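This is what each chain is made of:
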Amino acid sequence: QVQLVESGGGLVQAGGSLRLSCAASRSIFSINAMGWYRQVSGNQRELVAAFTSGSSTNYADSVKGRFTISRDNAKNTVYLQMNSLKPEDTAVYYCNVKLVTLGNGSRDYWGKGTLVTVSS
């Protein structure tokens, strides 16, 4: 079980930057599968950036070269640095963690989301 709280969203102009934070209620040292998703109302939640195996990362093509996911295990926090923001990046951003369950399954945990609005 883990609770996730996102912060750092806001209103920025195109070309600006924001850093999102996801604070976890437990140690994330041993959690490899975690990342950021975003969702626009009416659309499906989509992957933005994530850690997969170990420190490997995966980014959506639309954010490659602009966004960077990082983590601070000592602070139980995952970050998303967003640079060169575009109006198309406007969405609610959600932190995600996958935890292994009994029977070798997994369960997704989500934060409540933080709104990022990029004006043109």
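Whatever comes next refers back to the structure up there.
Residues numbered from 1 in each chain as written. Predicted model: local features only at pLDDT ≥ 70, side-chain atom pairs only at ≥ 80, totals over all residues. Heavy atoms only, no water.

*Asks:* Mind showing me how you'd approach the side chain of Ser21 here?
*Replies:* Inspection of the secondary structure assignment puts Ser21 in strand S3 (residues 18-24). Excluding residues that lie within four positions of it along the chain, Ser21 makes contacts with Val5, Glu6, Ser7, Trp36, Thr77, Val78 and Tyr79. (Helix = DSSP H or I, 4+ residues; strand = E, 2+ residues; numbered from the N terminus. Contact = heavy atoms within 4.5 Å.)

*Asks:* Explanation requested: the packing of aromatic side chains in the structure shown.
*Replies:* Any pair of aromatic rings gets described here by the distance separating the centres and the angle formed by the planes. Applying the stated criterion to the full structure yields one aromatic pair. Between Tyr37 and Trp110 the ring centres are 5.0 Å apart and the planes differ by 75°, which places this aromatic pair in the edge-to-face class. Of the two residues, Tyr37 is situated in strand S4 (residues 34-39) and Trp110 in strand S10 (residues 105-110); the sequence distance between them amounts to 73 residues. Residue classification places Trp110 among the partly exposed residues on the basis of a relative accessible area of 35%. Sitting over the face of the ring of Tyr94, Arg45 holds its NZ or CZ atom 3.6 Å from the ring centroid. (Phe/Tyr/Trp six-rings, centres within 6.5 Å; stacked < 30°, edge-to-face > 60°. Buried < 20%, exposed > 50% of the residue type's maximum accessible area, 1.4 Å probe, protein only. Lys NZ or Arg CZ within 6 Å of the ring centre and 35° of its normal.)

*Asks:* Please explain the state of the cysteines as it appears in this structure.
*Replies:* Here a disulfide denotes one covalent bond, and it connects the sulfur atoms of two cysteines. Taken as a whole, this structure holds one disulfide when the rule is applied. Residue Cys22 pairs covalently with Cys95 via a disulfide, S to S 2.0 Å. Its torsion about the S-S bond being -80°, the disulfide of Cys22 and Cys95 is classed as left-handed. Here Cys22 is found in strand S3, whereas its partner Cys95 is found in strand S9 (residues 91-101), with 73 residues between them in sequence. Assigned by exposure class, Cys22 and Cys95 land together as buried. (Disulfide = S-S within 2.5 Å.)

*Asks:* I would appreciate a short explanation of the pairing of strand S7 (residues 67-72) in the present structure.
*Replies:* On a regular strand, one side chain projects to one face of the sheet and the next to the other, so that they alternate. In the sheet, S7 pairs with strand S8 (residues 77-82) via six bridges, with the strands oriented antiparallel. If you follow Asp72 over to S8, its bridge partner there is Thr77. Hairpin connection of S7 to S8: four residues between the antiparallel strands, including Asn76 at a positive phi of 55°. (Pairing = 2+ DSSP bridges.)

*Asks:* Looking at this structure, I do not really get the nonpolar core. What am I missing?
*Replies:* The tendency in soluble globular proteins is for nonpolar side chains to be buried as a group. Trp36, Leu80, Met82 and Tyr93 are the most contacted members of the largest nonpolar core, which totals 31 residues. Where this core is concerned, the elements lending two or more residues are S3, S4, strand S5 (46-51), S7, S8, S9 and strand S11 (114-119). (Core = buried A, V, L, I, M, F, W, Y, C linked by side-chain atoms within 4.5 Å.)

*Asks:* I tried to follow the pairing of strand S1 (residues 4-7) on my own but got confused; where do I start?
*Replies:* Only one face of S1 is covered, namely the one carrying Leu4 and Glu6; the face carrying Val5 and Ser7 has none of its residues buried. With four bridges connecting them, S1 and S3 associate as antiparallel partners. Bridge pairing in S3 places Val5 opposite Ala23.

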